[in-house]
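Secondary and tertiary structure notes
The primary structure of each chain is shown beneath.
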Amino acid sequence: MIRADDIEHCRAVIRTGSLSFHTASKLLPASVRDPALALYAFCRLADDEVDEGDHKARAVLTLRDRLDEAYAGRPRDAPEDRAFAAIIEEFDMPRALPEALLEGLAWDASERRYQSLSGVTDYSARVASAVGAMMCVLMRVRDADALARACDLGVAMQLTNIARDVGEDARAGRLYLPLDWIDEAGLSPEAFMAQPDATAQTQRMVRRLLAEARRLYIRSEAGISALPMQARSGIYAARYVYAGIGRQIKRNGFDSVTRRAHTSKWQKLGWVMQAGLRAAGTVVIPQSPVLYAAPLPEVRFLVEAAAHAQSGATQGRTAALLDVLTALDERAQTSHIAAE
């Protein structure tokens, strides 16, 4: 399905760029692991080009073109593109899922800020839950309840990332904390961005993010039993590794401005072993009715898309994506004219 040299390239990209996922992926069966590594490599490429490039709007528009070409069966001559095109063909990947990721990256390029936790969840749905839904597609899972719990896990992981990177993001000119939380703390976004500090107010916001992430990690576990048996340990490992980052932030006193949480190789190994025991049924936990909980409103469109449901919500997201891409196109053209 995927060329051997392309998958080796993708494996190397994830080994150096996303150690937590690389660790968890070792527990996935080969039939899922290689496509998953290719998927993450493409997503990582997309994220890095927007996050680190000097021309963010143009980077998003280039990614739009690459996505168009991959779905047309004419991928660019690059390992990530060829591998992703193979995934589209083999797994019938709903286009709405990578387009949701593209929309989230477009929001990054336009430096969007989020008024409330719901807005942050909207963003997390696109840049993380969309990947979780695509992972379910790679496992041949289209059940709406399992997809909803996978999206819970994606949001939880992204909230953990945001909590870990508060200081780093602020120094890079990025702000993902809800604006209403900042206002409640008596701060202004501009003042916080100019001089981020590990104040009690900032630590309280980090704590609130991690509390919401913890709630969603717990909800997500109910869906893992709906996945293929051989894939469960890898997903449990991802859940434990990322939740472990949150616990390290807690040990740091919720200071993610002057400190960045790190987990050791031995900690990751312990979580991987815990995941293996949990998936093997050594630790028996009855099936939770939480499996059947309604999806978060912010991720419902992903669940519907992955389950092949046709709805106005799914169609509306395409229009929303076109709007943000049009705005970025105008911004890129204006920047180009100004540069001349």
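Residues numbered from 1 in each chain as written. Predicted model: local features only at pLDDT ≥ 70, side-chain atom pairs only at ≥ 80, totals over all residues. Heavy atoms only, no water.

**Describing the overall build of the chain**
Scanning the chain for helices and strands turns up 16 helices and zero strands. Computed over C-alpha atoms, the radius of gyration of the chain comes to 19 Å, within 12% of the 20 Å expected from 2.2 N^0.38 for 340 residues, which places it in the range of a compact globule. Its C-alpha atoms give the chain principal-axis dimensions of about 55 × 50 × 40 Å. A total of 340 residues make up the chain; the buried ones form 54% of that total. Once local pairs closer than 6 in sequence are excluded, the contacts in the chain between residues at least 24 apart make up 75%. Put simply, the chain shows about 15200 Å² of open surface, and 52% of that area lies on carbon and sulfur atoms. Here the chain contributes 42 positively and 44 negatively charged side chains, and the mean placements of these two sets differ by 8 Å. (Helix = DSSP H or I, 4+ residues; strand = E, 2+ residues; numbered from the N terminus. Rg over C-alpha atoms; globule rule 2.2 N^0.38 Å. Buried < 20%, exposed > 50% of the residue type's maximum accessible area, 1.4 Å probe, protein only. Contact = heavy atoms within 4.5 Å. Areas by Shrake-Rupley, 256 points an atom, 1.4 Å probe, with all protein chains shown as cover. Lys, Arg positive; Asp, Glu negative; His and termini not counted. Charge placed at Lys NZ, Arg CZ, Asp CG, Glu CD.)

**Digging into the packing of aromatic side chains**
A complete count under the given rule lists five aromatic pairs for this structure. Centroid distance Phe42 to Phe84: 4.3 Å. Interplanar angle 5 degrees. Geometry classified as stacked. Of this pair, Phe42 sits in helix H3 (residues 30-52) while Phe84 sits in helix H5 (residues 79-91), and the two are 42 residues apart along the sequence. There is no split in this pair, since Phe42 and Phe84 are both buried. For the ring pair Tyr123 and Tyr176, a centre distance of 5.1 Å and an interplane angle of 20 degrees mean the geometry is stacked. Of the two residues, Tyr123 is situated in helix H7 (residues 117-138) and Tyr176 in the loop between helix H9 (166-171) and helix H10 (179-184); the sequence distance between them amounts to 53 residues. The two residues Tyr123 and Tyr176 agree in class, both being buried. (Phe/Tyr/Trp six-rings, centres within 6.5 Å; stacked < 30°, edge-to-face > 60°.)

**A closer look at the pattern of salt bridges**
Going through the model one piece at a time under the given rule, you end up with 25 salt bridges. Two residues, Arg11 and Glu8, come together in a salt bridge whose shortest N-O distance is 2.6 Å. With Arg11 and Glu8 both in helix H1 (residues 4-17) and three residues apart, this pair spans about one turn of that helix. On the basis of relative accessible area, Arg11 is assigned to the partly exposed category, the value being 21%. Since its relative accessible area comes to 39%, Glu8 is described here as partly exposed. Here Asp152 makes a salt bridge to Arg149, at a shortest N to O gap of 2.7 Å. Placement of the pair is Asp152 and Arg149 together in helix H8 (residues 144-164), with a separation of three residues, close to one helical turn. (Salt bridge = Lys/Arg side-chain N within 4 Å of Asp/Glu carboxyl O.)

**Some remarks on the state of the cysteines**
Scanning the entire structure with this criterion turns up zero disulfides. Cys43 carries a free sulfur, and the closest cysteine sulfur to it, the one in Cys10, is 11 Å from it. (Disulfide = S-S within 2.5 Å.)

**A short note on the environment of Ala294**
With respect to the helices and strands, the residue Ala294 is situated in the loop between helix H14 (265-280) and helix H15 (300-306). Considered as a pair, Ala294 and Leu269 are 25 residues apart in the sequence and their alpha carbons are 33 Å apart. If near-sequence neighbours (up to four positions away) are discounted, Ala294 is found in contact with Arg149, Arg219 and Arg300.

**Structural notes on a positive patch on the surface**
A contiguous patch of positive charge, built from Arg204, Arg207, Arg214 and Lys250, is present on the exposed surface. In terms of residue count, helix H12 (residues 200-224) provides more of the positive patch than any other element does, three residues in total. (Patch = residues over 30% accessible without salt bridge, like charges linked within 9 Å, V, L, I, M, F, W, Y side chains within 5 Å.)

**Thoughts on the side chain of Asp169**
Along the chain, the position of Asp169 falls in helix H9. Here Asp169 falls in the buried class, since its relative accessible area comes to 9%. Apart from residues no more than four positions distant in its own chain, Asp169 is found in contact with Arg174 and Tyr176.

**Focus: a nonpolar patch on the surface**
On the surface, Trp266, Leu269 and Met273 cluster together to form a nonpolar patch covering roughly 390 Å² of accessible area. As for its placement among the helices and strands, Trp266 is situated in helix H14. Overall, Trp266 belongs to the exposed group, its relative accessible area being 66%.

**Here we look at the packing of H1 against H5**
Where H1 meets H5, the closest approach of the two axes is 9 Å, and the angle between their N-to-C directions is 110 degrees. Judged by the angle between their axes, H1 and H5 are roughly perpendicular. Along this stretch, H1 crosses H5, giving a crossing that reads as left-handed. Between H1 and H5, the contacting residues are Asp6, His9, Cys10 and Val13 on the first element and Pro79, Glu80, Arg82 and Ala83 on the second. (Axes fitted to C-alpha atoms, helices over the stretch in contact; angles between N-to-C directions. Parallel < 35°, antiparallel > 145°, perpendicular 65-115°, else oblique. Left-handed = near helix turned anticlockwise from the far one by under 90°.)

**Here's the deal with the confidence of the model for the chain**
Across the chain, the average pLDDT comes to 87, with 92% of residues at 70 or higher. Under a pLDDT of 50 for its full length, residues 309-316 has, in the predicted model, eight contacts with residues more than four places off or in other chains. (pLDDT = per-residue confidence, 0-100.)

**Description of the side chain of Ser220**
Note that Ser220 resides in helix H12. A polar contact of 2.7 Å, which involves the side chain of Ser220, links it to the backbone oxygen of Tyr217. Residues in contact with Ser220, not counting those within four places in the same chain, are Arg149, Asp152, Leu153 and Arg239. (Polar contact = N/O pair within 3.5 Å; in protein donor to acceptor, adjacent residues only side chain to side chain.)

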